[in-house]
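Chain residues, written in single-letter form:
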Amino acid sequence: MALDTQPPPDPSSLFSDSLPPKPAIAQTATVFTKPAETGGMKTRIPRVGYVYDTRMMQHTEVRDPNDYDEEDDDSESHHPEQPRRIECIDKKLDEAGCLELMTKLAIRHLRKDEALLVHSEDHWQKVAAIASMDVEAILNSRIYYDHLSLYVHPKTPEAALLSGGGVIEACLAVARGLVKTSFANVRPPGHHAEPEEHMGFCFFNNVAIATRVVQLETDVKKILILDWDVHHGNGTQRAFYDDPSVLYISIHRYDGGAFYPSGPFGSMESCGEGDGLGASVNIPWPTKGMGDADYLYAFMRIVMPIAYEFAPELVIISAGFDAADGDTLGECHVSPTGYAHMTHMLSSLANGKVVVALEGGYNLNSISSSALAVAEVLLGNPPPMISELTASEIATETIWQVSRVQSHYWSSIDPKQCEPKDTFEEDAIGIPDLFKAHRLDLMAKYGAYAVPFADDELMDAFKNQVLCSQNFYSQPRLVVFIHDYGSLRAELDGVTHVDLDLERSYMVRVQLVLQSLGLQLKASLKLDATRKLVEWVTNQEFALIDVNIFPHKLNQGTAETELLKRLIIYLWDNYIEYAILCKLYLYWEHLLTVVVMTLQDIRSIGHCVPGQREFLSAALPTADYKAAFVQIVGTLEPTRLPVSQPELRRWFIERSLVIVPETHPTRFTGKWTKSCGLVETTVSEKPTKALAEAIPTIERFLQTKIELPHPQPIAPSADPDPLQDGEPNDIDMES
């Protein structure tokens with residue numbers, strides 16, 4: 001299908017403050033003839049609009065001539081986001097006869113006033129400046145753009161403007177009823193572009209801008225954005241994070257926050273803020289290898305129920321095809337048939353008003369085949385038959401966890417309906433119960449007892465989870481050990497699925513075999529590595545309060561945060577305050593768990609664990625006693641007090657030790673020393689091993705702060721210690 005070409009515009013004119021008139025949207029209508037026996041003619045809306053322009057292929061990688069290899073085909077880009085992506089899709093649609101059934105929509109450049117609906121003026125100027133860069137400037141700035149996961153070309157700004165303008169026209173055509181659906185075959189993609197930054201192959205957030213334009217210029221106000229790109233659309237979610245009129249749902253690889261774009265924003269707990277709380281829905285896969293059954297299960301359990309409840313007036317699919325089978329970046333296995341079925345389900349919403357906007361996808365065969373499957377559904381063809389599928393255990397566990405979060409915001413989501421089916425009998429012993437029983441047994445050996453609560457809600461949430469040594473009132477030295485040991489979700493990679501073999505926990509692997517009523521239950525458990533700390537505390541004859549902040553009853557968001565604050569303040573008011581006249585040691589540990597990850601999302605209040613600032617503020621008036629604060633942070637960042645409280649901050653820094661792994665991604669020792677106190681490193685990254693490794697460092701630190709006896713060797717445990725060799729050991733147990 002031939003497309004009109006236009007003479008290349010002056011690059012500077014594309015980013016002019018003047019606003020040229022918008023070109024008319026193609027309003028051609030396809031005429032369909034009724035069967036002869038009925039007679040007459042009928043004109044109706046074209047079914048599918050199509051946006052494509054070869055000028056978007058001018059955005060290509062500039063290669064250093066010194067890097068050229070004669071065996072390379074210099075016509076091919078080495079970057080995965082290569083120009084041929086859209087060309088291959090266009091060719092595939094043409095060969096299948098789809099283009100002749102579609103209506104071409106006029107493409108145009110994105111206008112500045114439209115871009116500023118999402119992006120800042122500074123962002124607009126940053127993209128505009130690329131047009132004036134020569135080859136030397138581009139090569140010299142490669143490190144800067146590599147850091148942003150971008151490459152640039154003097155024609156990049158025009159391609160980005162065409163991509164953004166093309167998606168706008170595709171959306172407006174559907175919103176205005178000029179076509180029923182539309183497919184925007186555009187590049188560069190857009191869903192990673194944030195209001196202030198271009199990143200992740202994206203320059204302008206095409207879908208976010210188009211959404212705002214549609215809301216501004218048409219009667220369509222409620223819009224669903226479904227992002228099935230394998231990467232989380234951080235820019236799109238951020239653009240609407242507090243907006244209840246736009247429902248953003250993303251299905252993506254998360255890998256505990258390690259998969260691009262990385263960080264906690266793509267977690268299932270990232271649900272929006274303010275009026276938009278609940279309007280962001282993340283379905284974060286914890287690993288690679290997810291396929292059709294997993295995606296369709298997510299659609300049936302989460303996506304479609306929430307979408308029907310939201311009742312959008314327009315559906316926009318951020319259609320990245322990098323979760324497709326064969327894409328080496330995504331490493332997942334969604335087939336063209338899987339994409340067809342997802343499109344078919346979304347077509348049941350908004351009276352069929354669906355826009356498909358290309359995002360990622362880097363295997364040329366996979367992306368073109370997947371795009372064809374989607375286009376055929378838009379044209380009215382039913383999706384192919386799909387064989388019987390069963391979602392993986394990872395998927396069912398992830399969806400259950402997501403349902404527990406989203407049930408707070410959507411009445412259509414029932415976690416009980418999503419809960420994975422256990423294969424054990426009703427009298428099987430639950431893993432959390434085993435953890436807690438083990439902990440109680442361990443503490444009993446050291447003469448500890450459970451602390452009672454006069455507060456009924458705290459008792460329900462933390463019964464038997466706050467333990468106190470018998471020498472609490474008699475021993476002048478006290479260790480307060482705050483953690484969330486025993487949480488199954490502490491074993492999760494990215495808080496998404498139960499994998500008891502992961503080592504980022506307090507436990508080391510042990511094979512446990514339980515035999516009951518002729519049934520054999522095998523589960524991979526992990527014994528408590530905090531035994532090292534407890535033995536050290538006991539050997540030093542310190543008093544101990546052991547606080548497990550993982551509640552029995554989970555309350556998401558603010559409710560859980562407030563519960564933790566109440567717990568810490570309750571312990572201070574009713575127990576620790578009585579020890580103020582003694583010498584107080586506070587041992588505060590952060591672990592990779594759901595509680596800490598949830599708290600990471602709200603640390604803007606001052607980089608404090610809920611209750612810790614109140615705890616420290618209460619301690620400050622009696623600061624004549626000696627205290628020490630120790631944090632083992634793993635790969636997280638340490639607690640830092642705000643500069644608005646200089647006296648408290650100075651008092652805290654003088655008494656603080658932060659222990660981080662040598663490989664910590666953002667460790668700036670000098671900066672942290674100014675805000676956190678002494679910073680020491682460990683070889684081990686996992687809190688499991690770092691805890692045992694750090695005990696000598698903690699002892700040395702305490703000796704500089706208080707009159708601590710010289711370190712004494714830890715008495716050998718009566719039970720075999722699986723941490724003795726520093727590596728997990730398998731132990732068979734029968735009961």
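Residues numbered from 1 in each chain as written. Predicted model: local features only at pLDDT ≥ 70, side-chain atom pairs only at ≥ 80, totals over all residues. Heavy atoms only, no water.

**A short note on the overall build of the protein chain**
The helix and strand tally for the protein chain stands at 23 helices and 21 strands. A total of 735 residues make up the protein chain; the buried ones form 56% of that total. In the protein chain, the proportion of contacts linking residues at least 24 apart, taken out of those at least 6 apart, comes to 76%. (Helix = DSSP H or I, 4+ residues; strand = E, 2+ residues; numbered from the N terminus. Buried < 20%, exposed > 50% of the residue type's maximum accessible area, 1.4 Å probe, protein only. Contact = heavy atoms within 4.5 Å.)

**A look at the sheet that holds strand β4 (residues 103–104)**
The eight strands are arranged β4-β3-β5-β10-β9-β6-β7-β8 in an open sheet whose pairing can be described as parallel. Both outer strands of the open sheet, β4 and β8 (280–285), are each paired with one neighbouring strand and no more. In the packing of helix α7 (residues 156–175) onto the sheet, the strands contacted are β3 (48–51), β5 (181–184), β9 (314–319) and β10 (354–358), and the crossing angle to β5 comes to about 175 degrees. (Pairing = 2+ DSSP bridges. Axes fitted to C-alpha atoms, helices over the stretch in contact; angles between N-to-C directions.)

**Comments concerning the nonpolar core**
A general tendency of soluble globular proteins is for nonpolar side chains to be buried together. Counting residues in hydrophobic clusters, the biggest one holds 118 residues, and the most contacted among them are F204, W228, I283, W285, F321, Y339 and L346. Those residues in contact with I283 that sit more than four places away from it in its chain are S250, I251, H252, A298, I302, V303, I399 and V402. In terms of nonpolar packing, the next biggest core, distinct from the first, is built from 24 residues, L478, L563, I568 and Y570 among them. (Core = buried A, V, L, I, M, F, W, Y, C linked by side-chain atoms within 4.5 Å.)

**Thoughts on the confidence of the model for the protein chain**
Of all residues in the protein chain, 67% attain a pLDDT of 70 or more, and the chain-wide mean is 76. The low-confidence segment residues 1–8 (pLDDT under 50) makes 13 contacts with residues lying over four places distant or belonging to another chain. When the criterion is pLDDT under 50, residues 708–735 qualifies, and its contacts beyond four places in sequence or with other chains add up to 54 contacts. (pLDDT = per-residue confidence, 0-100.)

**Some details on helix α4 (residues 121–129)**
All of the buried residues along α4 are H123, W124, V127 and A128. Looking straight down α4, one finds its buried side chains confined to an arc of 135 degrees; they lie on one side. (Arc of directions from axis to C-beta.)

**Observations regarding the pairing of strand β16 (residues 543–548)**
With six of six residues buried, β16 lies mostly within the body of the structure. Neither face of β16 is exposed, since A543, I545 and V547 on one face and L544, D546 and N548 on the opposite face are all buried. Sheet analysis places strand β12 (residues 466–469) next to β16, joined by three bridges and oriented antiparallel. Following the sheet pairing, V466 is matched in β16 by V547. Of the strand pairs in this sheet, strand β13 (residues 477–483) and β16 are connected by six bridges, and their pairing is parallel. Counted as the bridge partner of H483 is N548 from β16.

**Details of the pairing of β10**
Most of β10 sits out of view: five of its five residues are buried. Burial along β10 is two-sided: the face carrying V354, V356 and L358 and the face carrying V355 and A357 are both buried. Relative to β10, β5 is paired through four bridges, and the arrangement is parallel. Bridging from a neighbouring strand, S182 pairs with V355 of β10. Pairing of β9 with β10 involves five bridges; the strand directions are parallel.

**Side note on the pattern of salt bridges**
Applying the stated criterion across every chain, the model contains 18 salt bridges. Members of the salt-bridge network, linked through shared partners, are R253, D255, K288 and E331. (Salt bridge = Lys/Arg side-chain N within 4 Å of Asp/Glu carboxyl O.)

**Notes on the side chain of E359**
Inspection of the secondary structure assignment puts E359 in the loop between β10 and α12 (364–378). Buried charge without a salt bridge: E359, with R85 as the nearest opposite-charge side chain at an N-O distance of 7.6 Å. A polar side-chain atom of E359 sits 3.1 Å from the main-chain amide nitrogen of H191. For E359, the contacting residues outside a window of four places in its chain are R85, P189, G190, H191, V207, D229, S318, A319 and G320. (Lys, Arg positive; Asp, Glu negative; His and termini not counted. Polar contact = N/O pair within 3.5 Å; in protein donor to acceptor, adjacent residues only side chain to side chain.)

**Thoughts on the packing of helix α2 (residues 84–95) against α12**
Interhelical geometry of α2 versus α12 gives an angle of 45 degrees and a closest axis separation of 9 Å. As the angle between them shows, α2 and α12 are arranged oblique. For the pair α2 and α12, the crossing hand works out as right-handed. Residues R84, R85, C88, I89, K92 and L93 of α2 form the contact with α12, whose own contacting residues are L364, I367, S368, S369, A371, L372 and A375. Split into classes, the residues belonging to the contact of α2 with α12 amount to eight nonpolar, two polar and three charged. (Parallel < 35°, antiparallel > 145°, perpendicular 65-115°, else oblique. Left-handed = near helix turned anticlockwise from the far one by under 90°. Nonpolar A, V, L, I, M, F, W, Y, C, P; charged D, E, K, R; others polar.)

**Some details on unusual backbone geometry**
The amide bond that connects R187 to the next residue, P188, takes the cis arrangement and shows omega of 0 degrees. The residue after Y260, namely P261, is reached through a cis peptide bond having omega 10 degrees. One can find P261 in the loop between β7 (246–253) and β8. If you check the backbone angles, E331 has positive phi at about 55 degrees while not being a glycine. Relative to the helices and strands, E331 is located in the loop between β9 and α11 (336–346). Given a relative accessible area of 33%, E331 falls into the partly exposed group. The backbone of A350 sits at a positive phi, close to 55 degrees, despite the residue not being glycine.

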